[in-house]
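Inside the fold
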Amino acid sequence: MAELSYLEAIREGLRQEMERDSRIILYGEDVGVRGGVFRVTEGLQKQFGEDRVIDSPLAEAAIVGTAIGAAVNGLRPIPEIQFADFIFPAINQIVQEAARIRYRSNGAFHVPLVIRAPFGGGVHGALYHSQSVEAFFAHVPGLKVVVPGTPYDAKGLLAAAVQDEDPVLYFEHKAAYRSLKGEVPEERYVIPIGKADLKREGKHVSIITYGLMVSFALKAAEELEKEGVSVEVLDLRTVRPLDVEAILETSKKTGKVLIVHEDNLTGGIGGEVSALISEHALFYLDAPIVRLAGPEVPAMPYSAPLEHAFMVTPEKIRDKARELAKF
Amino acid sequence: MATEVVSMPQLGESVTEGTIGQWLKNVGDPIEKYEALLEVTTDKVNAEVPAPVTGTVTKILVDPGQTVPIGTPICEIEVEGTGSESAEAPQTSAEEAQTVEAQTAPAAPAAAPQEGRGRYSPAVRRLAEEHGIDPARVNGTGAGGRVTRNDILQAVDHKGAAPAKTAQPAQAAPSAPAASFALESAPAVIDDGDTLEPLAPVRKVIAERMVRSKQTVPHAWLMVEVDVTGLVELRGRLKNEFKAREGVSLTYVPFMMRAIVEGLRAVPEMNSQWNGDSIVIKKRINLGMAAATDRGLIVPVVKDADQKNIVGLAKASQDLVQRSRAGRLTMDDLSGGTFTLDNTGAVGTVLTYPVINAPEVGIVTMESIVKRPVVIGNTIGIRDMVNVCLSFDHRVVDGAEAGKFLQVIKKHLEGIGPDTSIY
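Residues numbered from 1 in each chain as written. Chains lettered and ligands numbered in written order. Predicted model: local features only at pLDDT ≥ 70, side-chain atom pairs only at ≥ 80, totals over all residues. Heavy atoms only, no water.

**Looking at the overall build of chain A**
Going by this rule: Here a helix means four or more residues in a row that DSSP labels H or I, a strand means two or more in a row labelled E, and each is numbered from the N terminus. With a 1.4 Å probe rolled over the protein chains alone, any residue whose accessible area is under 20% of its type maximum counts as buried; one over 50% counts as exposed, and the rest are partly exposed. Two residues form a contact once any of their heavy atoms are found within 4.5 Å. Each accessible area is a Shrake-Rupley result for a 1.4 Å probe, and residues are judged covered by the shown protein chains and nothing else.
Counting its regular elements, chain A contains 13 helices and 14 strands. The proportion of buried residues among the 327 residues of chain A is 59%. Restricting to contacts in chain A with at least 6 residues of sequence separation, those with at least 24 account for 83%. Total accessible area computed for chain A in this model is approximately 13,300 Å², and 54% of it derives from carbon and sulfur atoms.

**Brief notes about the overall build of chain B**
Each helix and strand counted, chain B has 11 helices and 18 strands in total. Put simply, 64% of the contacts in chain B that link residues at least 6 apart link residues at least 24 apart. Put simply, chain B shows about 22,500 Å² of open surface, and 53% of that area lies on carbon and sulfur atoms.

**Regarding the side chain of B:Gln318**
Residue and element names in this part refer to chain B. One can find Gln318 in helix H9 (residues 310-325). Accessibility expressed as a relative area gives 15% for Gln318, which makes it buried. Setting aside residues no more than four positions away along its own chain, Gln318 makes contact with Val248, Ser249 and Thr251.

**A closer look at helix H3 (residues 60-72) of chain A**
Residue and element names in this part refer to chain A. Where we set the bar: In a helix, the anticipated span is given by 1.5 Å times the number of residues less one. Arc definition: directions from the helix axis to the C-beta atoms.
With 13 residues, H3 extends 18 Å between its outermost C-alpha atoms, agreeing within 8% with the 18 Å of an ideal straight helix rising 1.5 Å per residue. Listed as buried for H3 are Glu60, Ile63, Val64, Ala67, Ile68, Ala70 and Ala71. Mapping the buried residues of H3 onto a view down its axis gives an arc of 165 degrees, with all of them on the same face. For H3, the elements touching its buried residues are strand S2 (24-28), strand S4 (76-80), helix H4 (91-98), helix H5 (101-104) and strand S5 (114-119).

**Quick notes on the interface of chain B and chain A**
Going by this rule: Buried area is a sum: the accessible area each of two parts loses on coming together, probed at 1.4 Å, counted once for each and added. Salt bridges are counted wherever a side-chain nitrogen of Lys or Arg sits within 4 Å of a carboxyl oxygen of Asp or Glu. Two N or O atoms count as a polar contact when they lie within 3.5 Å, although within protein this holds only if one can serve as hydrogen donor and the other as acceptor, and sequence-adjacent residues are included solely when both atoms are side-chain atoms.
The interface is formed by 12 residues belonging to chain B together with 15 residues belonging to chain A. Between chain B and chain A, the buried area comes to about 880 Å², and carbon and sulfur atoms account for 46% of it. Taken together, chain B and chain A are joined by one salt bridge. Taking the shortest distance from any N to any O, the salt bridge between B:Arg146 and A:Asp286 comes out at 3.2 Å. Linking chain B with chain A are 11 residue pairs in polar contact (both at pLDDT 80 or more).

**A word on the pattern of salt bridges**
Evaluated as defined, the whole model comprises 42 salt bridges over all chains. Its salt-bridge partner being A:Arg116, residue A:Glu80 comes within 2.9 Å of it at the nearest N-O pair. Of this pair, A:Glu80 sits in strand S4 while A:Arg116 is found in strand S5, placing the two residues 36 residues apart along the sequence. For A:Glu80, a relative accessible area of 4% puts it in the buried group. Note on A:Arg116: relative accessible area 2%, which makes it buried. B:Asp304 is the partner of B:Arg284 in a salt bridge, and the nearest nitrogen-oxygen pair spans 2.9 Å. One end of the pair, B:Arg284, is in the loop between strand S11 (279-281) and strand S12 (287-293); the other, B:Asp304, is in the loop between strand S14 (301-302) and H9, with 20 residues separating them in the sequence.

**Brief notes about a negative patch on the surface**
Here is the rule we go by: Exposure above 30% relative accessible area and no salt bridge define the residues that can form patches, which grow by joining like charges within 9 Å and nonpolar side chains of Val, Leu, Ile, Met, Phe, Trp and Tyr within 5 Å. We count Lys and Arg on the positive side and Asp and Glu on the negative side, and we leave His and both chain ends out. Positions of charges follow a simple convention, taking NZ of Lys, CZ of Arg, CG of Asp or CD of Glu.
On the surface, A:Asp30, A:Glu50, A:Asp51 and A:Asp55 cluster together to form a negatively charged patch. Summarising the element assignment, A:Asp55 is placed in strand S3 (residues 53-55).

**Overview of the pairing of strand S4 (residues 36-41) of chain B**
All names here are of chain B. Cut-off, in case you're wondering: DSSP-based pairing: two strands are paired if at least 2 bridges between them are found.
Among the six residues in S4, five count as buried, and that is most of the element. As paired elements, S4 and strand S5 (residues 46-50) share five bridges and run antiparallel to each other. Of the residues in S5, the one forming a bridge with Ala36 is Pro50.

**Focus on the sheet that holds strand S3 (residues 30-31) of chain B**
Residue and element names in this part refer to chain B. With antiparallel pairing, the four strands of this open sheet are ordered in space as S1-S8-S6-S3. Of all the strands in the sheet, the pair left with one neighbour each is strand S1 (3-7) and S3. Summarising the sheet, S1 and strand S8 (residues 73-79) pair through five bridges and their orientation is antiparallel. Among the inter-strand pairings, Glu4 is bridged to a residue of S8, identified as Ile77.

**Observations regarding the packing of aromatic side chains**
The geometry of an aromatic ring pair is captured by two quantities: the separation of the ring centres and the angle between the planes. Filter applied, for reference: Any pair of Phe, Tyr and Trp rings, taking the six-membered ring for Trp, is counted once the centres come within 6.5 Å. Such a pair is stacked with planes under 30 degrees apart, edge-to-face with planes over 60 apart, and tilted for the rest. Should the NZ of a Lys or the CZ of an Arg lie within 6 Å of a ring centre and within 35 degrees of the ring normal, that charge is described as sitting over the ring.
A complete count under the given rule lists 10 aromatic pairs over all chains for this structure. Centroid distance A:Tyr6 to A:Tyr177: 6.2 Å. Interplanar angle 55 degrees. Geometry classified as tilted. In this pair, A:Tyr6 is assigned in helix H1 (residues 6-20) and A:Tyr177 in helix H8 (residues 176-179), connecting sequence segments 171 residues apart. Residue class for A:Tyr177 comes out buried when judged on its relative accessible area of 1%. Here the aromatic residues A:Tyr6, A:Phe38, A:Phe83, A:Phe86 and A:Tyr177 are joined through ring pairs into a cluster of three or more. Stacked on the ring of A:Tyr284, the Lys or Arg B:Arg126 has its end atom at 4.0 Å from the ring centre. The ring of B:Tyr252 has B:Arg235 sitting right over it, with the charged end atom 4.8 Å from the ring centre.

**Here we look at the nonpolar core**
The criterion, for reference: To qualify as a nonpolar core, a set must consist of buried Ala, Val, Leu, Ile, Met, Phe, Trp, Tyr and Cys residues joined through side-chain atoms within 4.5 Å. Throughout, the edges of the domains are those of an automatic or database domain assignment.
A:Leu258 and A:Ile317 are the most contacted members of the largest nonpolar core, which has 59 residues in total. Looking at which domains feed residues into this core, each of domain 1 (2-184) and domain 2 (197-326) of chain A gives three or more. In this view, A:Ile317 contacts A:Ile207, A:Met213, A:Phe216, A:Ala217, A:Ala220, A:Leu258, A:Val260, A:Leu292 and A:Val312; residues no more than four positions away in its chain are not counted. Grouped together as the second largest cluster of nonpolar side chains are 54 residues, B:Val261, B:Ala305, B:Phe405 and B:Leu406 included.

**Some points on the packing of helix H10 (residues 244-254) of chain A against helix H11 (residues 269-280) of chain A**
Residues and elements named next belong to chain A. Condition: The angle between two axes is taken between their N-to-C directions and runs from 0 to 180 degrees, where each axis is a line fitted to C-alpha atoms and a helix contributes only its stretch in contact. Roughly parallel means an angle under 35 degrees; roughly antiparallel means over 145; roughly perpendicular covers 65 to 115; every other angle is labelled oblique. Crossings are sorted by hand: turned counterclockwise from the far helix by less than a right angle, the near helix makes the crossing left-handed, and turned clockwise it makes it right-handed. Only Asp, Glu, Lys and Arg are considered charged in this grouping, and only Ala, Val, Leu, Ile, Met, Phe, Trp, Tyr, Cys and Pro are considered nonpolar; every other residue, Gly among them, is considered polar.
With their axes 10 Å apart at the nearest point, H10 and H11 run at an angle of 65 degrees to one another. Taken together, H10 and H11 sit at an angle that is classed as roughly perpendicular. Considering only the axes of H10 and H11, their crossing is right-handed. Contacts from Val244, Ile247, Leu248, Ser251 and Lys252 in H10 reach Val273, Leu276, Ile277 and His280 in H11. Classifying every residue of the contact of H10 with H11 by side-chain character gives six nonpolar, two polar and one charged.

**A word on the confidence of the model for chain B**
Quick note on the threshold: Confidence of the prediction at every residue is given by pLDDT, a number between 0 and 100.
Mean pLDDT over chain B stands at 82; residues scoring 70 or higher make up 83%. This model gives residues 83-115 of chain B a pLDDT under 50, and the stretch forms 15 contacts once residues within four places in sequence are excluded.

**Let's talk about a nonpolar patch on the surface**
Residues and elements named next belong to chain B. A cluster of nonpolar side chains, Trp221, Met223, Val350, Leu351 and Tyr353, forms an exposed patch at the surface whose accessible area comes to about 450 Å². Its location among the elements puts Tyr353 in the loop between strand S15 (339-342) and strand S16 (362-366). The exposure class assigned to Tyr353 is partly exposed, which follows from its relative accessible area of 44%.

Written as structure tokens, this is what we have:
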């Protein structure tokens with residue numbers, strides 16, 4: 001099995017899907033000739049041609065709007081929003097149209113669409129290139145939101161997203177692109193949407209997280225293991241729909257839950273996860289549910305020390321988990 | 001350099017923590033061995049803690065008003081004659097000392113959250129119930145001594161093998177979970193100009209006990225009218241002579257105590273305690289007497305009241321009153337009560353609904369003695385009348401026994417005439 005970076009796993013996934021299904025088209029800002037600003041789509045235009053890998057204008061509403069039309073009419077478009085921060089001009093298309101067409105048309109039309117967007121900070125991207133936007137979309141019925149945390153999951157979730165008959169938002173953490181590596185099978189495999197993955201088993205504390213924070217949580221867990229604290233790490237992988245069963249199972253097992261995300265606290269995924277636990281697993285809890293999240297600051301700062309202070313780090317996760325274990 | 005670390009002393013057998021009342025010495029003050037160093041308040045006692053050594057107070061680790069467990073370091077004294085070393089090399093060690101201070105400082109507040117005891121997580125409650133374990137008897141290893149889920153699971157594992165919890169039966173009663181008296185209270189409305197008085201430790205204890213009593217004990221209430229004309233005459237005749245001979249005033253309290261003792265002898269259920277699935281009939285008769293002090297209400301106890309005559313009761317009760325006003329009661333003076341007398345007549349009332357001093361079963365009041373026209377046979381006389389009110393735990397006794405108890409008191413008091421002997 002080859003060891004691929006997170007970015008390479010996504011590229012290989014795209015290549016495999018496009019080879020498998022000729023209805024798939026990619027388009028977005030600079031995805032063609034340049035191969036994407038992060039090189040995720042590098043070589044794909046050469047392989048599949050300009051008709052299937054298309055450079056679009058700088059107009060996110062149009063990118064998503066035309067993709068919806070293409071999807072309704074039988075293609076399987078995978079538009080890219082160059083940075084998740086730029087997705088907001090398209091929010092009307094995503095929320096009002098893509099999410100609702102199946103419902104509005106009583107099932108006559110549906111939108112098999114995968115919107116890819118790099119998100120997250122820690123790469124010195126400052127205000128417009130660092131945001132976490134998943135919670136906005138996780139709120140919307142009719143959408144699915146996946147956030148892979150490993151190269152293996154990135155490829156498998158992409159396959160699932162592509163074959164889904166309804167719109168899926170696929171958020172890839174740009175700090176993970178080259179920092180995360182892992183074994184990825186060459187053959188096609190599908191990781192079902194809505195299924196969390198227990199990345200590490202433990203006894204004392206459960207960390208529930210997703211995206212880049214999965215690897216951070218695993219690092220924290222390793223350090224705490226040396227201190228005798230046994231930490232379980234549940235990777236949500238999909239933040240809508242949530243894997244309620246897995247969330248409750250780990251919560252009941254350890255009785256102490258730490259929810260981690262880079263997105264800020266208020267209105268974040270952690271609030272929803274926390275509510276589910278207190279609704280369904282109250283009598284298993286041995287401590288208040290704890291959330292560790294980005295600060296309530298308008299955006300990621302540019303200054304390196306401030307950016308570091310903003311980011312959730314393995315150290316912050318470790319300290320919070322330790323505190324919870326001691327409670 | 002020798003530093004003596006002073007810890008929170010144990011001020012009574014069942015006492016687990018103490019509150020710093022005030023520091024009588026400040027950092028830098030010299031102090032003699034046995035000189036008063038600070039005041040500590042426990043449930044209801046104030047005590048001065050003497051210095052264990054002669055030296056200089058170098059560090060105060062716990063602020064006034066803070067409550068810490070027994071044994072927690074509360075201050076440091078540099079022992080005399082040994083403390084010059086640090087002064088000799090101040091330049092080099094100044095920085096070091098600062099970092100040491102910075103490191104040790106956070107350690108002090110860590111001892112504060114003892115709130116972990118008596119509050120259990122849902123998981124702990126569920127597991128304890130499922131396995132029939134009393135979490136109050138499990139040794140907590142969590143923050144602030146909190147009993148964690150793992151502590152319960154471990155107790156379950158050990159339950160079959162060695163019942164470690166029975167090793168300390170004496171702990172059972174005092175470690176019963178503290179009722180939280182603030183949780184369900186309606187929030188106060190604070191307007192501009194209102195002032196907030198922080199709760200004194202004594203106030204907290206009173207609040208907690210009152211809430212616990214009223215919430216857990218089904219109070220029932222009875223009252224009898226007692227004709228104490230004879231008693232008033234007797235006291236009027238004896239009081240000067242008594243004061244001269246015994247050195248204490250002759251009040252009505254010892255007579256009331258005698259009457260209560262008679263009542264408790266006749267109805268032993270009144271001298272008992274509710275114990276969940278049983279009733280503990282107390283052997284000793286120890287009468288608590290509610291007393292108002294400027295620190296709040298306290299209830300010192302006259303031990304073995306049934307073995308004392310009027311003189312003995314008078315002396316014992318006045319001794320307690322005097323020492324309570326001076327703040328010089330010991331823990332022992334305040335514990336072990338089996339029944340309580342509240343001399344409400346002292347504040348001029350004629351009718352009171354007293355709150356039971358749980359786990360006792362009853363509390364009686366002696367109201368103001370007032371002259372009233374009373375029908376006796378076919379005539380009307382002016383008599384000295386007093387109301388005696390009783391609150392009792394209806395789980396333990398019913399109205400019949402409680403009524404009998406009051407009748408014995410009434411009969412005893414009414415049987416006292418101008419010529420009754422008090423010896």
